[in-house]
Amino acid sequence: MAWRSTNCKWVTAFLVLLACSAAGQVQDGPLVNGNFETPPSGGFSTGNGFFEGTLEIPNWKTNGTVELVESGQKQGGMILIVPQGRHAVRLGNDAELSQDLKVEKGSIYSVTFSAARTCAQLESLNVSVPPASQTIDLQTLYSVHGWDSYTWAFQAEEDDVAVVFKNPDMEDDPTCGPIIDDIAIKKLFVPDKPKDNAVVNGDFEEGPWMFRNASLGVLLPTNLDEETSSLPGWIVESNRAVRYIDMYHFTVPEGKRAIELLSGKEGIISQMVETKPNKPYKLTFLLGHAGDSCKQPLAIMAFAGDQAQNIHYTPNANSTFQVANLNFTAKADRTRVAFYSIYYNTRSDDMSSLCGPVVDDVRVELSGSSKIRMLGLLFVFGLLISFVFV
């Protein structure tokens, strides 16, 4: 009994330590003061907010020319864009903003943030959790609102990390630079591959954090690393982004989330799926519209191995999506599946915001004829076994 009591105490202590460790880790959702609405000790500035040096932003560290900006604030003849709420942060030449986080070593996390351009000629934003880093091009405005939400993923190499936002550009006006707002994080999990589907996360349900009050979706910029992706299983292999959308603000064919393809062949998503050489397969997926007033025609180019097919969105009756498929024969043990929009579509209500067809529920499985042959062989094998035992 004494041994059992001691053993229970050790187990209890271990569980307490485990709970304490987990409690210290950053939780899915907005970072502390990730919307920059917590006022500094001296309150928000009533002036232009410009500051060079160590600006106090609660829960954040700053370096260089940093500015807390307010909605409606003007610079010259330009009104600064604040994505959400009343306040945001602008980074001047070579300026940095960072926050320390406690994460789980080895896990993959996705950082979501909103960004707007100001007066720089070539504007970009570097996002990093050292040593991982990516510079995101902000030149293209995907929305008429003047700002977009982006996401970037990293694999934690330590338990204690810092997420850093830096303006890598140098302008004549040191205050020119990107505005950032609404920063959140999410720990990602790679979904299990279904037994009858070679595609991982084919329903796009696992992905980056999305704000319920943000109606623009989240842009997935170029990312060729399938091991570290904000959309597990998928990569973006083009120089423009694709949009991750949800059912709360868009029309989604199935489930809660899907992908909207933008910018023609400049916005490509793809995945390498496991296949058996010389076996016939069928790629099926749902093709629809996002319910965002996107001007038609809508069409995609679908790829599966050496096969490609142009498919137009032509739903029946009042349906918002259709089932599409592409047959192919695998040539290797891994086959590339990819999609891009054929047209460069914009919304009919503002004639400017980029939009496009929606892809959801992507599946790759052995074609029906192959399955029938396999079942037939099993049936014949079963008959032979029964005759032997008779």
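Refer to the preceding data block for the structure.
Residues numbered from 1 in each chain as written. Predicted model: local features only at pLDDT ≥ 70, side-chain atom pairs only at ≥ 80, totals over all residues. Heavy atoms only, no water.

Chemist: How do you make sense of the sheet that holds strand β22 (residues 307–312) when you look at a structure like this?
Modeler: Backbone hydrogen bonds hold the strands of a sheet together, and the pairing may be parallel or antiparallel. Taken together, the five strands give an open sheet; going across it, the order is β16-β19-β24-β21-β22, and neighbouring strands pair in antiparallel fashion. Two strands close off the open sheet at either side, each with one partner strand: β16 (235–236) and β22. Bridge count for strand β19 (residues 268–274) against strand β24 (residues 334–341) is seven bridges, and the pairing is antiparallel. Residue pairing for β24: I269 is matched across the bridge by F339. (Pairing = 2+ DSSP bridges. Helix = DSSP H or I, 4+ residues; strand = E, 2+ residues; numbered from the N terminus.)

Chemist: What am I meant to see in the sheet that holds strand β8 (residues 96–102) here?
Modeler: Judged by pairing direction, the sheet is antiparallel, and its five strands sit side by side in the order β3-β8-β13-β10-β11 without closing on themselves. Every interior strand has two partners, whereas the edge strands, β3 (61–63) and β11 (132–137), have only one. For this sheet, the mean angle separating the axes of adjacent strands, direction not counted, is 20 degrees. In terms of strand pairing, strand β10 (residues 124–129) meets β11 through six bridges, oriented antiparallel. Each residue of the ladder has a partner; that of V127, found in β11, is Q134. (Axes fitted to C-alpha atoms, helices over the stretch in contact; angles between N-to-C directions.)

Chemist: Can you walk me through unusual backbone geometry in this structure?
Modeler: Excluding glycine, residues mostly have negative phi values, and the peptide bonds linking residues are mostly trans. For the bond running from P130 to P131, omega is 10 degrees, close enough to zero to count as cis. Looking at where P131 falls in the secondary structure, it is placed in the loop between β10 and β11. For the bond from Q296 to P297, the omega torsion is 15 degrees, close enough to zero to count as cis. Within the secondary structure, P297 is located in the loop between β20 (280–288) and β21 (299–304).

Chemist: Whenever I open this one, the environment of V337 confuses me. Can you help?
Modeler: Here V337 lies in strand β24. Given a relative accessible area of 1%, V337 falls into the buried group. What V337 contacts, discounting residues up to four positions off in sequence, is W234, I269, S270, Q271, V273, L283, F303, V362 and V364. (Buried < 20%, exposed > 50% of the residue type's maximum accessible area, 1.4 Å probe, protein only. Contact = heavy atoms within 4.5 Å.)

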